[in-house]
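Chain residues, written in single-letter form:
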Amino acid sequence: QMNRRKKLYVINRETASQKNSQNFFRGHVVKSAAFMAWKRSADMQIKSQGVPSEPYASASIAVEFVHSDLRRRDGDNALASVQDALVRNKVIADDCWTKIGTPSVTHSVGAVAMARVTVTETEPIDWAAELKRAKR
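Model, not experiment: these values are computed from the prediction.

1. Focus: the sheet that holds strand β4 (residues 59–67)
The mixed open sheet is built from four strands, whose spatial order is β1-β6-β4-β5. The open sheet has two free edges, formed respectively by β1 (6–12) and β5 (104–109), since each of these has just one partner strand. Across the sheet, the axes of successive neighbouring strands diverge by a mean angle of 15 degrees, strand direction being ignored. Where β1 meets strand β6 (residues 114–121), seven bridges bridge the pair, whose relative direction is antiparallel. Across the sheet, lysine 6 pairs through a bridge with threonine 120, a residue of β6. Set on the sheet, helix α2 (residues 75–88) makes contact with β1, β4, β5 and β6; between it and β4 the angle comes to about 125 degrees.

2. Description of the pattern of salt bridges
Per the stated rule, a full pass over the model turns up six salt bridges. Of the charged contacts, one joins aspartate 69 and arginine 73 as a salt bridge, the two residues approaching to 2.9 Å between their closest N and O atoms. By relative accessible area, which is 30% here, aspartate 69 ends up partly exposed. Salt-bridge contacts for glutamate 130 lead to arginine 133; the nearest nitrogen and oxygen are separated by 2.7 Å. Here arginine 133 and glutamate 130 lie together in helix α4 (residues 127–134), a separation of three residues that amounts to about one turn. Residue glutamate 130 is classed as partly exposed on the basis of its relative accessible area of 35%. Here arginine 133 falls in the partly exposed class, since its relative accessible area comes to 44%. One salt-bridge network, in which partners are shared between bridges, spans Glu14, Asp69 and Arg73.

3. Regarding unusual backbone geometry
Phi angles above zero are rare outside glycine, and arginine 13 is one such case at about 100 degrees. By secondary structure assignment, the location of arginine 13 is in the loop between β1 and β2 (22–25). Of the residues examined, arginine 13 reaches a relative accessible area of 40% and is grouped as partly exposed. You will see that lysine 90, though not glycine, has its phi angle at about 60 degrees, which is positive. Its relative accessible area of 54% is what places lysine 90 among the exposed residues.

Calculation criteria
- Residues numbered from 1 in each chain as written.
- Predicted model: local features only at pLDDT ≥ 70, side-chain atom pairs only at ≥ 80, totals over all residues.
- Heavy atoms only, no water.
- Pairing = 2+ DSSP bridges.
- Helix = DSSP H or I, 4+ residues; strand = E, 2+ residues; numbered from the N terminus.
- Axes fitted to C-alpha atoms, helices over the stretch in contact; angles between N-to-C directions.
- Contact = heavy atoms within 4.5 Å.
- Salt bridge = Lys/Arg side-chain N within 4 Å of Asp/Glu carboxyl O.
- Buried < 20%, exposed > 50% of the residue type's maximum accessible area, 1.4 Å probe, protein only.

Here is the structure:
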């Protein structure tokens, strides 16, 4: 049994969707200024709350998106933004399904928009062995 590390990160502001914030310029995809501002802010907030000395190789992730209005939003794209921020800031090594499974996502409303992200280190699964067993 491993001694599991667990950390709560609070990322203030409405989570920007990188996929819905793209512009095309001279044949290249360019992220919007709004997304880039969210990304910079999220990176600073995550780092200020402390990152592990080594990224979690395997983890479970629970995200609560708190919304301060009722605008229509795409939760999948917001989740991708959060996962990418966790990888970029070396909280988790990879956001592949074999490393983090399926994150749990909930939504609520509050006076201030934020994402409450709980990352819990998990025992790695030997997916190659699991696949081998499944094909017997």
